[in-house]
Amino acid sequence: MTEASAASAAGDERNVLGGALQPCGTDPMTGFLRDGNCSCGPQDIGIHAVCAVMTEEFLAHQQAVGNDLSTPRPEWRFPGLHPGDRWCVVAARWLQAYADGVAAPVVLASTNERALRLIPLEVLREHSVDVPDDLSGLG
């Protein structure tokens, strides 16, 4: 896939709220395509759809279940993650952490709608860290 077609594919994808998929993170550069988005093209059989904010508990859990997200893997352009990093995680892995009580916070506007194939929207909303456009209701 060329960069142009990857960008076009990401632009066509929707988030779990039905809007345009927003960037998840660029420091470190996330996404299956390492373009900062949780786009899920046809090559992404793992469905790296959930834009999650890493926590110590989530990272420890993932390592315990055989998914080491902390160790850098340069051959996969993977920097190793730290608490506070935003990362497009595999929907099934996030759901596993949820079932075990250590789900990472989720950025809904940056979470691909393909995550809804495995995770109900209500469950994602329980862990949402999105800031609403209208802040008047927060006071």
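Check the entry above for the structure.
Residues numbered from 1 in each chain as written. Predicted model: local features only at pLDDT ≥ 70, side-chain atom pairs only at ≥ 80, totals over all residues. Heavy atoms only, no water.

**Student:** I'd like to hear about the overall build of the protein chain, residue by residue, with values.
**Tutor:** Helix and strand content of the protein chain: four helices and two strands. Ordered by position in the sequence, the α and β elements of the protein chain form the string α-β-α-β-α-α. Relative to its full complement of 139 residues, the protein chain shows a buried share of 40%. Considering only residue pairs separated by 6 or more positions, the protein chain has 66% of its internal contacts joining residues 24 or more positions apart. In the form shown here, the protein chain has an accessible surface area of approximately 7400 Å², with 54% of it arising from carbon and sulfur atoms. (Helix = DSSP H or I, 4+ residues; strand = E, 2+ residues; numbered from the N terminus. Buried < 20%, exposed > 50% of the residue type's maximum accessible area, 1.4 Å probe, protein only. Contact = heavy atoms within 4.5 Å. Areas by Shrake-Rupley, 256 points an atom, 1.4 Å probe, with all protein chains shown as cover.)

**Student:** Quick one: what's the story with unusual backbone geometry, residue by residue and with numbers?
**Tutor:** Following Asp27, the chain continues to Pro28 via a peptide bond in cis, the omega torsion being 10 degrees. Phi at Ile47 is positive, roughly 60 degrees, even though this residue is not glycine. The exposure class assigned to Ile47 is buried, which follows from its relative accessible area of 12%.

**Student:** Describe the side chain of Arg114, and please don't skip the residues or the numbers.
**Tutor:** Note that Arg114 resides in the loop between α3 (91-99) and α4 (121-126). Buried and unpaired, Arg114 has no salt bridge, with Glu13 as the nearest side chain of opposite charge at 5.5 Å. (Lys, Arg positive; Asp, Glu negative; His and termini not counted. Salt bridge = Lys/Arg side-chain N within 4 Å of Asp/Glu carboxyl O.)

**Student:** Explain helix α2 (residues 56-64) to me, and be specific about the residues and the numbers.
**Tutor:** Looking only at α2, the buried set comprises Phe58, Leu59, His61 and Gln62. Projected down its long axis, α2 carries its buried residues within an arc of 160 degrees, all on one side. Exposed residues pointing more than 90 degrees away from the buried face of α2 are listed as Glu56 and Ala64. Phi for Gly66, located one or two positions after α2, is positive at around 90 degrees. (Arc of directions from axis to C-beta.)

**Student:** Before we move on, can you summarise the nonpolar core with the specific residues and values?
**Tutor:** In terms of nonpolar packing, the biggest core is built from 25 residues, with Val50, Met54, Phe58, Val89 and Trp94 touching the most fellow members. Among the elements that line this core, the one with the most residues is α3, at three residues. Among all residues touching Val89, those that are not within four sequence positions of it are Ile47, His48, Ala49, Val50, Ala52, Met54, Phe58 and Trp94. Among the nonpolar cores identified, the runner-up in size contains six residues, and Cys24, Cys38, Cys88 and Val107 belong to it. (Core = buried A, V, L, I, M, F, W, Y, C linked by side-chain atoms within 4.5 Å.)

**Student:** Could you give an account of α3, with specific residues and numbers?
**Tutor:** Of the residues making up α3, those classed as buried are Ala91, Trp94 and Ala97. Seen from one end, α3 has its buried residues packed into an arc of 125 degrees, which puts them on one side. For α3, the secondary structure elements touched by its buried residues are β1 (50-53), α2, β2 (86-89) and α4. Gly101 sits one or two residues past α3 and shows a positive phi near 80 degrees.

**Student:** Lay out the pattern of salt bridges in plain terms, naming residues and giving numbers.
**Tutor:** Tallying each qualifying case throughout the model produces one salt bridge. Residue Glu75 is joined to Arg73 by a salt bridge in which the shortest nitrogen-to-oxygen separation is 2.7 Å.

**Student:** Report on the packing of α2 against α3, specifying residues and quantitative values.
**Tutor:** The relative placement of two packed helices is expressed as an angle between their axes plus a distance between the axes. One can describe the packing of α2 onto α3 by two numbers: an axis separation of 10 Å at closest approach and a directional angle of 110 degrees. Taken together, α2 and α3 sit at an angle that is classed as roughly perpendicular. On α3, the residues touching Phe58, His61 and Gln62 of α2 are Arg93, Trp94, Gln96 and Ala97. Considering only residue class, the contact of α2 with α3 consists of three nonpolar, three polar and one charged. (Axes fitted to C-alpha atoms, helices over the stretch in contact; angles between N-to-C directions. Parallel < 35°, antiparallel > 145°, perpendicular 65-115°, else oblique. Nonpolar A, V, L, I, M, F, W, Y, C, P; charged D, E, K, R; others polar.)

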